[in-house]
Amino acid sequence: QLCKATTRRGSLPTFTLLGKLADAVPVFADILVVEHSNLVDHLLVGLMYPNEGVKAAICYLYGKLYSSPVGTEKLSAHFEERLCGLFLNTFGHAQTKELQINCLGLLKELLKSDRFVSILMNNPKPEEESENSDLLEGENPLPLILKKLLLTRDEMLQAASSHCMAAVLVHSPSRYAPAFIHADVPEFLFECLMCNSEILIWSVYCSLLLLTEERLFFSKCHTVYGIESLVRSLQNVLHLNNVELHKQGLLLFTEIVKRQPVEIKLFTNRGICIDAIDVLMKTVDCPVLEVVLEAVKAVAAFLRKDHLSSPPVPYENLQKLLEAVLKRCVDLSPPHCSNKHEVKLLGNKTKLLVISDVSLSSGTCCVCRLAVELQSDPMAQENAFTAPCSESKETLSNFSEFLLRICDSLCIPMVMNYLERAVSSSVMEVFISALNTLFTVVPNMRDKFSKKLEGVSSLFTVFSALLYSNPALNQACSSFLCNLCLSLYSATEKERTCSQEEQEMSELLQKSLPQLNYTIAESLLLLAENPEPLSLDQSLCNHQHCFILLLYFAYTLGDRFVPEAELFLAIRNFLLLAQDHRDWPPTYVLRAVLYLLAVCQDKGKALDSVFSALLILDNLPDLSLVYIHCPLLLKFFLHYPELMGRFGHQVLQLWFSWEDCNRVETEEAAFGTSDQLNNTNPLLPILKSNSSILLILLDLVCSSSVEVAQKVLVALRTFLEKNEDVFVCDLLRNQFLQILQQLLVESTNRNLPILLSLLFLVQLRSKGMRELDSTDFKLLHQVSNLCGKCRPKDIDLLQPSLNFLYCSLHQTTPCSQQRAVAVLLSNVSLLELLQKVLECTWMWSFPSEPTYLSSEDALLSSGWLLAASLLIYQHRYNTEVHQTLSLDLRQVLNAIIFRNKKPVLLLVSIVQFLRAILRQNFSSLLVTIVQNTAQGATQSQPSSLEDAALHPLTTQQVFSLVVSLQNLLVHKDLLLSQAVVACLETLLEYLYVRNQDVALHVASQPWHRFLLLTLLNGSQKSILQPEILRLMTLFLKYQSSNIISQKEIGQILQEVAEANLLELPEATSQALHLFLCQVRKQ
């Protein structure tokens, strides 16, 4: 019909019908795109026809075509090459509402695709149109078209336009927002907020919210222009029953006041600022909790000095706003919630608590910041425009008093932040009294309250400076410090709560704290003061003990208000005096002394005198009475030989008793670098600096409980894994036999896998080749017997055990190697187990995408490597065999040929085994090769003369194996390439001996040349890789001139001549030597 139409106006019914059919029948659009692709040519011609009715019908049909995934894909290039410019031109010049609506519909479908958005936004305005307009040259037409629709009085078109803007910006605000901002679109969006259409307001909110992510939106002062419209819009929106609209408007307001640059004042009109406060107060009182949450966030962002510092500051309005927010937080907070576990039990009230927590945290930070910033502003303090003789409530003083009034209930963190910036003795006294009251009123929240105070690092500095200011402040501070210290003590000493000790500490603090009217320097001198010999007054000792406790709790909170060097001298003097008088402090004071010494050990001098004084610890019934689970204390006792010799065993026992093994293993797995790991496990750097500590740890494995032994073994394993340069094998090996024998007695001991892993790591760290001694053979015997008792599913035991056996065979001299092979081959149960492990290769399933080596894969790899080693060494030393391994050659070959996504290491292991059995011509006392037929488990017979010569291989198996090995080489994995090339060498040697024609035929396969070119990959440097050199040597050896020609050999020799041979690795040099020798033979 379109072809028969004489005019484009006559095609209008057809276009209309097609559009309606595409709307009614979902698959119709796909049919048009796929089967009638020439339709788009008519559509393009129709868009150029000067009739907006026809254009509207075509745009409607285009919208249906692009709403289909098939249409989007098929017409993608069509849009980019032909339709985009024509569509934008049609849209920009549309006069009728029908065409405008249909263009918006098509645009809406196009904006769902990132590609179409990019094309539309990168389509510049034609030069002829730019020259004839008042707009900047090269502006993108789409923002201008959408801005044009915003200028209409039609709210439907305005809503659709703003919706399309949001659809563009949501793809990449940073990329597309500047085009809209340069087109001054935000001004018109703000103007559209003064309407009654909820849909339009929602669309404008969304668009403006996306524009706030671009800094240009603020630097162009669009927010200054539009903040009044936004506030007025929020006032009107609150009368509507639309919760989502309330939330979206508040979110936009929050982002604007939060992102507004400090140098550009947002509220230039005090009336707008007060109106904004009124809006926030109304939203805070909203019954919908989600709206309240957004309102509190908006308040937190609004409380900024640059928003409120324009004189006169509306302090009264701010107080009403803050009071409304905090009262609302009180209403929303569930009662009697002392910890998170209780909150979880509240069920439906959990949502309320979350809102309350967010409200308190955001309000706290912002109110305190505002108060401190206004204190430093003289204009805010004087609050200009107030008559000289009149009193005004709009003062900073009244505002500060308001903050203090709500200190007892919710504003404690806010006032603490405020006092860190503007300290006042009168304010401090009231604040400290309020803090002290909270300790008494809510005793079940003492620990939680103390932990909140840990964030105030200068708390003890402030209190210490004010202890002598005046009696009232002294009493308030001393009472608060007493409660805080006792609360911190109960929170940190949960594992050894002692009511008597806590009572004694409480009496000491209550009695001595009010009397500590000293400066910090005087207090340090106090620790070195010698009491009168015959004096019965204990006040001096009490003051000393009290100050030490204050120092201890301050340091635990991170407040080091005393330099460490000065602190060390003071503590040293205190210990020496106590030693001279034989008057030792209580255990809780001695515990604090040890902690402080550990903290400043690196800054202290003359440590020898301290060590002698610490011998008093020998008289304690249990070192745990003064032990603190702290890395610094661990370092203190283990770093110095004098202390480690006496207390190292006990301290390490306590360390691992208190340590959480699961947490340590999790953190060790999460941290990759050594510095991060050392921060997580502080014992590791200590072990590296003093390896003799390892003997203490091994003794702990034997003498401690199963739980402690497990933690020790985990620490040792981590130490050996992360410190490959530390050689402690000889130190540990002799101890392992005793520990292994002890653990084997307990058949269910869960520490046995960890010990075996540790044993393998120690064996792996052995430096060079060495003779095996009696201990080594006993370990070999014990581990091999243990393997024989296991099942293939005991991976945690078998994996390290097989690795240990493998390393024991390879890291020794030939004499010891022969004895080790004899020990292993005499163990029938071990060989039976090894048989089962190898058979699991074709019984276990493998993942489709092996991104990592699983434990099962690792076990199979270890099994094949050990079997290959035993096969080689049995043949070399002609060792007696008591049990044979029976393997199906077809299964072994299929494991390589049909890899089924096997991990690289497993493939390398199987290839190594195949190479070993090939070198022995499939004739071994240890391994019996069978080939099962499809009908049953009977020995297969050769089907041809060639197969008879290659038996037990067949010609088909040989070619399949060669192709598979070629494919493995293409992976370009170094370890795999080395194994594959070695296997190819051995395979061709085997074939050449059995049937020279087959060997030469295999070596001259044309695929080898393609393989070689693939490995070289156009880079001449690849020639000097040892695997490639060995491969080319192999081709030359078997006269494969079709693989590598004389001309190419000459080119290779030229490249070799230009290389620096002295810098080549040893493996490359050896491979190059063999290649040159083979070239000379040619």
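Cut-offs used in this document
- Residues numbered from 1 in each chain as written.
- Predicted model: local features only at pLDDT ≥ 70, side-chain atom pairs only at ≥ 80, totals over all residues.
- Heavy atoms only, no water.
- Helix = DSSP H or I, 4+ residues; strand = E, 2+ residues; numbered from the N terminus.
- Buried < 20%, exposed > 50% of the residue type's maximum accessible area, 1.4 Å probe, protein only.
- Contact = heavy atoms within 4.5 Å.
- Areas by Shrake-Rupley, 256 points an atom, 1.4 Å probe, with all protein chains shown as cover.
- Expected span 1.5 Å × (residues − 1).
- Bend = angle between axes of the 7 residues up to and from the residue.
- pLDDT = per-residue confidence, 0-100.
- Core = buried A, V, L, I, M, F, W, Y, C linked by side-chain atoms within 4.5 Å.
- Salt bridge = Lys/Arg side-chain N within 4 Å of Asp/Glu carboxyl O.
- Phe/Tyr/Trp six-rings, centres within 6.5 Å; stacked < 30°, edge-to-face > 60°.
- Lys NZ or Arg CZ within 6 Å of the ring centre and 35° of its normal.
- Lys, Arg positive; Asp, Glu negative; His and termini not counted.
- Axes fitted to C-alpha atoms, helices over the stretch in contact; angles between N-to-C directions.
- Parallel < 35°, antiparallel > 145°, perpendicular 65-115°, else oblique.
- Left-handed = near helix turned anticlockwise from the far one by under 90°.
- Nonpolar A, V, L, I, M, F, W, Y, C, P; charged D, E, K, R; others polar.
- Polar contact = N/O pair within 3.5 Å; in protein donor to acceptor, adjacent residues only side chain to side chain.
- Pairing = 2+ DSSP bridges.
- Disulfide = S-S within 2.5 Å.

### Observations concerning the overall build of the protein
Line of reasoning, step 1. Counting secondary structure elements, the protein contains 60 helices and 2 strands.
Line of reasoning, step 2. Sorting the 1082 residues of the protein into buried and exposed places 53% on the buried side.
Line of reasoning, step 3. In the protein, of all internal contacts separated by at least 6 residues, the share reaching a separation of at least 24 is 74%.
Line of reasoning, step 4. If you sum the accessible surface of the protein, you get close to 49900 Å²; carbon and sulfur atoms cover 53% of it.

### Some details on helix α16 (residues 222-237)
The α-helix winds at 3.6 residues per turn, so residues separated by three or four positions along the chain end up facing the same way.
Line of reasoning, step 1. With 16 residues, α16 ought to run about 22 Å at 1.5 Å a step, and its terminal C-alpha atoms sit 21 Å apart, in line with that.
Line of reasoning, step 2. Of all the bends in α16, the largest measures some 30° and sits at Glu228.
Line of reasoning, step 3. Residues of α16 that are buried: His222, Thr223, Gly226, Ile227, Ser229, Leu230, Val231, Ser233, Leu234 and Val237.

### Comments concerning the confidence of the model for the protein
Line of reasoning, step 1. Taken over all residues, the pLDDT of the protein has a mean of 79, while the share at 70 or more is 77%.
Line of reasoning, step 2. Predicted confidence is poor over residues 127-138, with pLDDT under 50, and the contacts of this stretch with residues over four places away or in other chains come to 9 contacts.
Line of reasoning, step 3. Counting interchain partners and residues more than four positions distant, the pLDDT-below-50 stretch residues 334-365 has 36 contacts.

### Concerning the nonpolar core
Line of reasoning, step 1. Counting residues in each nonpolar core, the largest one holds 209 residues, and the members touching the most others are Leu617, Leu652, Phe656, Leu697, Leu805, Leu953 and Leu991.
Line of reasoning, step 2. Top element by residues in this core is helix α35 (residues 587-599). It accounts for 11 residues.
Line of reasoning, step 3. Leaving out residues up to four positions away in the same chain, Leu953 has contacts with Leu889, Leu893, Leu918, Phe922, Asp947, Val958, Leu987 and Tyr990.
Line of reasoning, step 4. Ala29, Phe190, Tyr205 and Cys273 belong to the second largest nonpolar core, which has 116 residues in total.

### Details of the pattern of salt bridges
Line of reasoning, step 1. Tallied over the full model, the rule gives 16 salt bridges.
Line of reasoning, step 2. Lys97 is the salt-bridge partner of Asp154, the closest N and O atoms lying 2.6 Å from each other. Note that Asp154 is positioned in the loop between α10 (141-150) and α11 (155-169) and Lys97 in helix α7 (residues 97-110), a separation of 57 residues in sequence.
Line of reasoning, step 3. Through salt bridges with shared partners, one network takes in Glu228, Arg232 and Asp275.

### Some points on the packing of aromatic side chains
Line of reasoning, step 1. With the rule as written, the count across this model stands at 21 aromatic pairs.
Line of reasoning, step 2. Measuring from centroid to centroid gives 5.0 Å for Tyr552 and Phe553, while their planes differ by 55°, and the two rings are tilted. Like Tyr552, the residue Phe553 is buried in the burial classification.
Line of reasoning, step 3. With 5.7 Å between their ring centres and 80° between their planes, Phe636 and Phe637 make a pair best called edge-to-face. You'll find Phe636 and Phe637 in the same group, each marked buried.
Line of reasoning, step 4. Among the aromatic residues, those joined into a cluster by ring pairs are Tyr62, Tyr66, Phe79 and Phe116.
Line of reasoning, step 5. Across the ring face of Phe777, the terminal group of Arg819 is positioned such that the distance to the ring centre comes to 4.0 Å.

### A word on unusual backbone geometry
As a rule of thumb, non-glycine residues mostly have phi less than zero, and peptide bonds are mostly trans rather than cis.
Line of reasoning, step 1. His951 connects to Pro952 through a cis peptide bond whose omega is 10°.
Line of reasoning, step 2. Here Pro952 shows up in the loop between α53 (945-950) and α54 (955-970).
Line of reasoning, step 3. A positive phi angle, close to 60°, is found at Asp184, a residue other than glycine.
Line of reasoning, step 4. Tracing the backbone through its elements, the reader meets Asp184 in the loop between α12 (173-182) and α13 (185-192).
Line of reasoning, step 5. If you check the backbone angles, Asn878 has positive phi at about 50° while not being a glycine.
Line of reasoning, step 6. Along the polypeptide, Asn878 turns up in the loop between α50 (855-877) and β1 (885-888).
Line of reasoning, step 7. Asn878 gets classed as exposed once you look at its relative accessible area, which sits at 61%.

### Examining α50
Line of reasoning, step 1. With 23 residues, α50 should reach 33 Å at 1.5 Å per residue; the first-to-last C-alpha distance of 33 Å fits that figure.
Line of reasoning, step 2. Counted residue by residue, α50 has 18 buried out of 23 residues, so it is predominantly covered.

### Concerning the side chain of Glu294
Line of reasoning, step 1. Following the sequence through the fold, Glu294 ends up in helix α19 (residues 289-302).
Line of reasoning, step 2. For the buried Glu294, no salt bridge exists, and the shortest N-O distance to an oppositely charged side chain is 4.2 Å, to Lys297.
Line of reasoning, step 3. When sequence neighbours within four positions are dropped, the list of residues in contact with Glu294 reads Lys247, Leu250, Leu251 and Thr254.

### Here's the deal with the packing of α54 against helix α57 (residues 1007-1016)
Line of reasoning, step 1. Close contact between α54 and α57 brings their axes to 10 Å; oriented N to C, the two are set at 10°. By the angle between their axes, α54 is roughly parallel relative to α57. Crossing handedness for the pair α54 and α57: left-handed. Between α54, through Val962, Gln966, Leu969 and Val970, and α57, the contact on the second element is made entirely by Trp1007, His1008, Leu1011, Thr1014 and Leu1015.
Line of reasoning, step 2. Classifying every residue of the contact of α54 with α57 gives 6 nonpolar, 3 polar and no charged.

### Side note on the side chain of Ser113
Line of reasoning, step 1. Position of Ser113 relative to the elements: it lies in the loop between α7 and α8 (114-121).
Line of reasoning, step 2. A polar contact is formed between the side chain of Ser113 and the backbone nitrogen of Arg115, at a distance of 3.3 Å.

### Regarding the pairing of strand β2 (residues 927-930)
Line of reasoning, step 1. Burial along β2 is one-sided: the face carrying Val927 and Ile929 is buried and the face carrying Thr928 and Val930 is not.
Line of reasoning, step 2. Summarising the sheet, β1 and β2 pair through 4 bridges and their orientation is parallel. Among the inter-strand pairings, Leu885 is bridged to a residue of β2, identified as Val927.

### A few points about the packing of α50 against helix α52 (residues 904-919)
Line of reasoning, step 1. Two elements in contact, α50 and α52, have axes separated by 8 Å at closest approach and are oriented at 20°. With respect to α52, the axis of α50 lies roughly parallel. Crossing handedness for the pair α50 and α52: left-handed. The residues of α52 that touch α50, namely those facing Asp857, Leu860, Ser861, Trp864, Leu865, Ala867, Ala868, Leu871 and Ile872, are Leu905, Leu906, Ser909, Ile910, Gln912, Phe913, Ala916 and Ile917.

### Side note on the environment of Glu493
Line of reasoning, step 1. The topology assignment puts Glu493 in the loop between α30 (471-492) and α31 (499-512).
Line of reasoning, step 2. Assessed through its relative accessible area of 4%, Glu493 is described here as buried.
Line of reasoning, step 3. A C-alpha to C-alpha distance of 8.9 Å links Glu493 and Ile628, two positions 135 residues apart in sequence.
Line of reasoning, step 4. Not counting residues within four places of it along the chain, the set of residues in contact with Glu493 comprises Tyr552 and Arg591.

### Comments concerning the environment of Asn51
Line of reasoning, step 1. Of note, Asn51 is situated in the loop between α3 (39-47) and α4 (52-66).
Line of reasoning, step 2. In the structure, Asn51 is positioned 39 residues away from Leu12 in sequence and 9.8 Å away in space, judged by C-alpha atoms.
Line of reasoning, step 3. Here Val54 takes part through its backbone nitrogen, which lies 3.0 Å from a polar atom of the side chain of Asn51.

### Notes on the environment of Ile256
Line of reasoning, step 1. By the element assignment, Ile256 lies in helix α17 (residues 243-259).
Line of reasoning, step 2. Under the relative-accessibility criterion, Ile256 is labelled buried at 1%.
Line of reasoning, step 3. For the pair Ile256 and Thr212, spaced 44 residues apart in sequence, the C-alpha separation works out to 6.6 Å.
Line of reasoning, step 4. In this structure Ile256 touches Phe190, Thr212, Phe218, Thr223, Ile227, Leu230 and Leu266, once residues within four positions along its chain are discounted.

### Section: the state of the cysteines
Line of reasoning, step 1. In total, this model carries 0 disulfides according to the counting rule given.
Line of reasoning, step 2. Free of any disulfide, Cys482 has its nearest cysteine sulfur in Cys485, 7.3 Å distant.

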